[in-house]
Amino acid sequence: MSTPTQFDDAALRDLIACPRCDLLHRSHRVADGCVGRCKRCHTPLIMPRAQAIPRIIALSLTVLILLVGALYFPFLELNAGGFSNSASLLDAATAFNHGLLIPLSGAVAAFMVLLPAVRVASLVYALVPLLFHQPPARYSAYALRLANRLRPWAMAEIFIIGVVVALVKIVDLADVTPGPAFWAFSVMVIILVLNDTYMCRWTLWNALTARR
Ligand SMILES: [Zn+2]
């Protein structure tokens, strides 16, 4: 990637800033599967992948389906001393439903369910028209921007890591059986990570603005 030497309208439109060190570059199209990196800190800036848009849409829809399944089916079942109990994902999220802990309960539900769902739904809304070679839908730019901004805040993977750590700690005290929702949520987390590997912001913005 090259650094710009003079600024005009065309150059400004082609500029891309490194999110790590702020160095400005003049962008160039990069071949699918290759990576355009910052000249100074080597942070990946452009990472186009073949068939990225249909794959992002398919993976996002899969995430939404798995999330609905994870909310509906039992998440964990505990057996200890002749007593058994099962809890759903919503039970886990709303376990702190009294007093000053209510905001914590809302935050858990938002970070592990609501934000990932809003993020993938925004991606589907913004990208589906491009898949059918149609002009972008109204507010699609806002939807794509929202999906990018929610990326650090959608913490489904942090939740599943916490659940696994908790399971290791209580497995000696009770029989713990992961339910269908646990597996659905675990697969959803893997698909979210896979989806992010296709998310090249520069490529998606270019695809969106080119169809306007
Ligand atoms: Zn940099």
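These figures come from a predicted structure and were not determined experimentally.

**Student:** Explain the pairing of strand 6 (residues 83-88) to me, please; I cannot follow it from the model alone.
**Tutor:** Each regular strand displays side chains that alternate between the two surfaces of the sheet. Two elements, strand 5 (residues 74-80) and strand 6, share six bridges in a ladder whose sense is antiparallel. Each bridged residue has a counterpart across the sheet, and for Leu76 the counterpart in strand 6 is Ala87.

**Student:** Explain the layout of surface pockets to me, please; I cannot follow it from the model alone.
**Tutor:** To find the voids left in a structure, one rolls a probe of water-molecule size over its atoms. Each pocket or cavity is described by its volume, and for the largest pocket that value is around 500 Å³. Lining the largest pocket are 18 residues, and of these Leu45, Asn148, Arg201, Trp202 and Trp205 lie nearest its centre. Secondary structure elements with two or more residues in the lining of the largest pocket: strand 1 (15-17), strand 4 (44-46), helix 5 (140-150) and helix 8 (201-210). When the residues that make up the lining of the largest pocket are grouped by side-chain class, the tally is eleven nonpolar, three polar and four charged. Here the lining of the largest pocket gathers at least three residues from each of two domains, domain 1 (9-46) and domain 2 (52-210).

**Student:** Is there a simple way to think about the packing of aromatic side chains in this case?
**Tutor:** Evaluated as defined, the whole model comprises eight aromatic pairs. Seen from their ring centres, Phe75 and Phe159 are 5.9 Å apart, and the 40° between their planes marks the pair as tilted. Remark: Phe159 occurs in helix 6 (residues 156-170) and Phe75 occurs in strand 5; sequence separation between them is 84 residues. Side by side, Phe75 and Phe159 carry an identical accessibility label, which is buried. When the centroid spacing of 6.3 Å and the interplanar angle of 20° are considered together, the rings of Phe111 and Trp153 count as stacked. Of this pair, Phe111 sits in helix 4 (residues 102-131) while Trp153 sits in the loop between helix 5 and helix 6, and the two are 42 residues apart along the sequence. Residue classification places Phe111 among the partly exposed residues on the basis of a relative accessible area of 29%. Put simply, the rings of Phe75, Phe159, Phe182, Trp183 and Phe185 touch in pairs and so form one group of aromatic residues.

How each quantity is defined
- Residues numbered from 1 in each chain as written.
- Predicted model: local features only at pLDDT ≥ 70, side-chain atom pairs only at ≥ 80, totals over all residues.
- Heavy atoms only, no water.
- Pairing = 2+ DSSP bridges.
- Helix = DSSP H or I, 4+ residues; strand = E, 2+ residues; numbered from the N terminus.
- 1 Å grid on protein atoms, 1.4 Å probe; cavity = no way out; pocket = protein on both sides within 12 Å on 5 of 7 lines; lining within 4 Å.
- Points joined across faces, edges and corners; volume = space filled by probe spheres on them.
- Nonpolar A, V, L, I, M, F, W, Y, C, P; charged D, E, K, R; others polar.
- Domains from an automatic or database assignment.
- Phe/Tyr/Trp six-rings, centres within 6.5 Å; stacked < 30°, edge-to-face > 60°.
- Buried < 20%, exposed > 50% of the residue type's maximum accessible area, 1.4 Å probe, protein only.

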